[in-house]
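# A look at the structure
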Amino acid sequence: MVEAVIVLPVLLFLIFAIIEVGGTLRSYSGTASAVRNGGRTASLAAADSMADAQILTKVARHADSMGRDEVQFVVIWHATGPGDPVPAACLPASYTAPNSASVGDAGTGPNAMGACSVYLAPSMPGGAFAMADGNAVEPAAYYFGCAGPSDPDAWHKLDCNWPPTSRQVLTSPRGAANPHSTDFVGLYVQARHDSYTGVLGSGFTITDQSITLIEPQGYELS
């Protein structure tokens, strides 16, 4: 009995710790899968007006491996290149309720570098995942496809801070007078894995990001 009293708590702790580590690794893997596949979709969707909806749909489907309700927010931003961190202005202070209008930052400079669209609590009822999937009150085109701040429907669209149609998809051939290349699209996902038992704390916040170059759609000489 004395041995059992000594050994049993240690054994239970080890069992619970294994369960917690397994759950956390599943969430890390699910977040990474959502980001990688969402990033590839961003590259292929390019300047399609529904690009953000396509990206969010892909993120949601791959987050299902851990439970899409763990996703706290998603950021899609205009990156300057590989290794670019998500802009501080694009990290929300609160993400407990879905956004019903555009959230994010319009960026800086003529190319709107750092511009971002932020999707808060996307897995909640009426959130961006349901909107992108066409499972909200209105069809997906009601919430996405903004033409910019001057769009008359901007008040109910979520992607107006960096509209997909403004993304550069043409690249200049060598020797062009004003060379330019396609845009880099950054995708940042923050998720929260809540502890099952509490033996390793209340849970863990998990973040991951990808930066992909838009697949060139053709050449431009000017």
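Quick caveat: nothing in here was measured; it's all calculated off a predicted structure. (Residues numbered from 1 in each chain as written. Predicted model: local features only at pLDDT ≥ 70, side-chain atom pairs only at ≥ 80, totals over all residues. Heavy atoms only, no water.)

### Section: the side chain of aspartate 159
Put simply, the rule is: For helices the rule is a DSSP run of H or I covering at least 4 residues; for strands it is a run of E covering at least 2, with both sets numbered from the N terminus onward. Under this definition, polar contacts are N or O atom pairs within 3.5 Å; protein pairs additionally need one hydrogen-donor-capable and one acceptor-capable atom, and for neighbouring residues in sequence, both atoms have to be side-chain atoms. Working rule for contacts: check all heavy atoms of both residues, and any pair within 4.5 Å makes them a contact.
Its location among the elements puts aspartate 159 in the loop between α4 (140–143) and β4 (170–171). A distance of 2.8 Å separates a polar side-chain atom of aspartate 159 from the backbone nitrogen of glycine 145. Here cysteine 146 takes part through its backbone nitrogen, which lies 3.1 Å from a polar atom of the side chain of aspartate 159. The contacts of aspartate 159, once residues within four sequence positions are left out, are Ser49, Asp52, Ser102, Ser117, Tyr119, Tyr143, Phe144, Gly145, Cys146 and Pro164.

### Some points on the state of the cysteines
So the rule is basically this: The disulfide definition used here is simple: a pair of cysteine sulfur atoms within 2.5 Å. Exposure categories follow from relative accessible area, calculated using a 1.4 Å probe and restricted to protein chains: below 20% of the type maximum is buried, above 50% is exposed, and the middle band is partly exposed.
If you walk through the whole model with that rule in mind, you get two disulfides. Two residues, cysteine 90 and cysteine 116, share a disulfide whose sulfurs are 2.0 Å apart. Because the torsion about its S-S bond is -100°, the bridge between cysteine 90 and cysteine 116 counts as left-handed. Of this pair, cysteine 90 sits in the loop between β1 (71–79) and β2 (104–105) while cysteine 116 sits in strand β3 (residues 116–120), and the two are 26 residues apart along the sequence. Between the sulfur atoms of cysteine 146 and its disulfide mate cysteine 160 the distance is 2.0 Å. Judged by the sign of its S-S torsion, about 105°, the bond between cysteine 146 and cysteine 160 is right-handed. Taken together, the residues cysteine 146 in the loop between α4 and β4 and cysteine 160 in the loop between α4 and β4 connect sequence positions 14 residues apart. Each member of the pair, cysteine 146 as well as cysteine 160, is classed as buried. When the bonded cysteines of the chain are numbered from the N-terminus onward, they pair as 1-2, 3-4.

### As for the nonpolar core
One broad rule of soluble globular proteins: the nonpolar side chains tend to lie buried together. Inclusion rule: Side-chain atoms within 4.5 Å link the members of a nonpolar core, which is a set of buried Ala, Val, Leu, Ile, Met, Phe, Trp, Tyr and Cys residues.
Counting 32 residues, the largest nonpolar core has Leu56, Val59, Val74, Ile76, Tyr119 and Phe144 as the members making the most contacts within it. Broken down by secondary-structure element, the contributors of at least two residues to this core are α1 (2–45), α2 (51–63), β1, α3 (128–133), α4 and β5 (184–194). The dominant element in this core, judged by the number of residues it contributes, is α2, at six residues. Formed by 11 residues, the second largest nonpolar core is a distinct cluster that contains Val75, Cys116, Leu120 and Tyr188.

Remember, this is a structural readout, not a statement about activity or role.
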